[in-house]
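The primary structure of each chain is shown beneath.
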Amino acid sequence: MADPVSSLATRPGVAQCLDLYAKLASGVCVVTTRGADGRPVCATVSSAAAVSASPPLMSLCLANGSRTLAALRHRGSFALHVLDERHRPWAERCADPLATAADRFGEEHADNTEYVHGVPVRTDALAWSVCAVTDIRPYGDHHLVVGEVLAAHTGTGHPLLWYDRGFHGQGGEAFHG
């Protein structure tokens, strides 16, 4: 009689891996930097993490072909914004591969944007950090970026979460577009 668990011990395909990753609840973050032309660029990430408190290090992953990754390599620094529930529209725009850099950042946020260490920061985020890139390494279809925290701020609110391929607010309720 075959062991039912060992029959499942085959290497998963891409679809099965994506289904697995969809069950990893995570906070929604937007990474910002400046492009070669000096204008803000940004991308939504759900794979940001604290690496170390001493020295203070944060990490994030960006897709290999990401415009934000290219700008981040050029600039050498980035801001990582932890979003709260009210930032869902910004997260959606920054995740849209067809949106231009200007569409993603949005002019309506000019009142809430400051430049910290030369990096655009949305000061109304739940929390943010500005980091100097210390390492970028390719892993599969993404690059892992590690940065040393140069500045940080925390506010109050309820985090925006990414789970099961959708945005969720406090208590797990799903937001529908």
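The notes below deal with the structure included here.

### Topic: the pairing of strand β8 (residues 119-122)
Side chains on a regular strand alternate between the two faces of the sheet.
Inference 1: Burial along β8 is two-sided: Val119 and Val121 and Pro120 and Arg122, pointing in opposite directions, are all buried.
Inference 2: Relative to β8, strand β7 (residues 113-116) runs antiparallel, the two being bridged by 4 bridges. Opposite threonine 113, over in β8, you have arginine 122 as the bridge partner.
Inference 3: Taking the residues that link successive antiparallel strands as the turn, the β7-β8 hairpin has 2 residues, and the phi of histidine 117 there is positive, at about 55°.

### Comments concerning the environment of glutamate 114
Inference 1: You can see glutamate 114 is positioned in strand β7.
Inference 2: A relative accessible area of 47% means that glutamate 114 is categorised as partly exposed.
Inference 3: Sequence-distant contacts of glutamate 114, defined by excluding residues within four places in its chain, comprise Val119, Pro120, Val121 and Thr123.

### Considering helix α2 (residues 67-75)
Inference 1: Turning to α2, its buried residues number three or more, namely Thr68, Leu69, Ala71 and Leu72. Around the axis of α2, the buried residues are gathered within 165° of arc, so they sit on the same side.

### A word on the layout of surface pockets
Inference 1: The computed volume of the largest pocket comes to approximately 1100 Å³.
Inference 2: Elements with a contribution of two residues or more to the lining of the largest pocket: α1 (14-22), β3 (40-45), β5 (56-63), α2 and α3 (88-95).
Inference 3: In terms of residue class, the lining of the largest pocket is made up of 18 nonpolar, 8 polar and 5 charged.

Procedures and definitions
- Residues numbered from 1 in each chain as written.
- Predicted model: local features only at pLDDT ≥ 70, side-chain atom pairs only at ≥ 80, totals over all residues.
- Heavy atoms only, no water.
- Buried < 20%, exposed > 50% of the residue type's maximum accessible area, 1.4 Å probe, protein only.
- Helix = DSSP H or I, 4+ residues; strand = E, 2+ residues; numbered from the N terminus.
- Pairing = 2+ DSSP bridges.
- Contact = heavy atoms within 4.5 Å.
- Arc of directions from axis to C-beta.
- 1 Å grid on protein atoms, 1.4 Å probe; cavity = no way out; pocket = protein on both sides within 12 Å on 5 of 7 lines; lining within 4 Å.
- Points joined across faces, edges and corners; volume = space filled by probe spheres on them.
- Nonpolar A, V, L, I, M, F, W, Y, C, P; charged D, E, K, R; others polar.

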